[in-house]
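# Per-entry structural report
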Amino acid sequence: MNAVSYVELNLVAARLVDMAYEWRWSSARSPLAGRSVADDPLTDVGALGAHVRNRRQMLRHGLAAGDLGSDGELVVKEIEA
């Protein structure tokens, strides 16, 4: 998951996009949609979902935030406040 996180967030770090899912060839788009999107036949949504509880928070705040459950949004808001 460190490698997946690095690859997906590297586009953001390089300022090529604001959010990883904005990149046309990003593997972040399918897991966020909860299914394989039409032009992303290679991403195994089930396999990635088994390792990260909150994919959206992982992409927004890094790998450690991916362990936050559905209440992760509230935790992140408190941290950012």
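Quick caveat: nothing in here was measured; it's all calculated off a predicted structure.

What the chain contains, in helices and strands, is 5 helices and 0 strands. Ordered by position in the sequence, the α and β elements of the chain form the string α-α-α-α-α. The buried share among the 81 residues of the chain stands at 36%. Put simply, of all contacts in the chain between residues at least 6 apart along the chain, 29% involve residues at least 24 apart. Just so you have it, the chain exposes about 5400 Å², and 54% of that area is on carbon and sulfur atoms.

This part is about the environment of M19. In this structure, M19 sits in the loop between helix 1 (2-13) and helix 2 (29-33). Distance from M19 to E8, taken between C-alpha atoms, is 9.2 Å for residues 11 residues apart in sequence.

Time to look at helix 1. Those residues of helix 1 that sit buried are S5, E8, L9 and L11. Buried positions in helix 1, seen along its axis, are confined to an arc of 135° and lie on one side of it. Turned more than 90 degrees away from the buried face of helix 1 sit N2, A3, Y6, V7 and A13, all of them exposed. The positive-phi residue at the C-terminal boundary of helix 1 is R15, with phi of around 60°.

Relative to the helices and strands, Y6 resides in helix 1. Classification of Y6 by relative accessible area gives exposed; the value is 55%. A C-alpha to C-alpha distance of 8.9 Å links Y6 and L63, two positions 57 residues apart in sequence.

Turning our eyes to something else, we now look at the nonpolar core. If you look at the biggest cluster of nonpolar residues, it comprises 7 residues: L9, A20, A28, L32, V52, M58 and L59. Once residues lying within four places of it in the same chain are set aside, the contact partners of L32 are Y21, R55, R56 and L59.

Moving on, we get to the confidence of the model for the chain. Within the chain, residue pLDDT values average 74, and 74% of them lie at 70 or more. The weakest mean pLDDT in the chain belongs to helix 5 (residues 72-80) at 61; the strongest belongs to helix 1 at 81.

This next bit is on the packing of aromatic side chains. Each pair of aromatic rings is reported with the distance of its centres and the angle of its planes. As enumerated under the stated definition, the model contains 1 aromatic pair in all. For the ring pair W23 and W25, a centre distance of 6.0 Å and an interplane angle of 65° mean the geometry is edge-to-face.

On to the environment of T43. The residue T43 is located in the loop between helix 2 and helix 3 (45-49) in this model. When the C-alpha atoms of T43 and A28 are compared, they prove to be 8.6 Å apart, with 15 residues separating the residues in sequence.

Cut-offs applied
- Residues numbered from 1 in each chain as written.
- Predicted model: local features only at pLDDT ≥ 70, side-chain atom pairs only at ≥ 80, totals over all residues.
- Heavy atoms only, no water.
- Helix = DSSP H or I, 4+ residues; strand = E, 2+ residues; numbered from the N terminus.
- Buried < 20%, exposed > 50% of the residue type's maximum accessible area, 1.4 Å probe, protein only.
- Contact = heavy atoms within 4.5 Å.
- Areas by Shrake-Rupley, 256 points an atom, 1.4 Å probe, with all protein chains shown as cover.
- Arc of directions from axis to C-beta.
- Core = buried A, V, L, I, M, F, W, Y, C linked by side-chain atoms within 4.5 Å.
- pLDDT = per-residue confidence, 0-100.
- Phe/Tyr/Trp six-rings, centres within 6.5 Å; stacked < 30°, edge-to-face > 60°.

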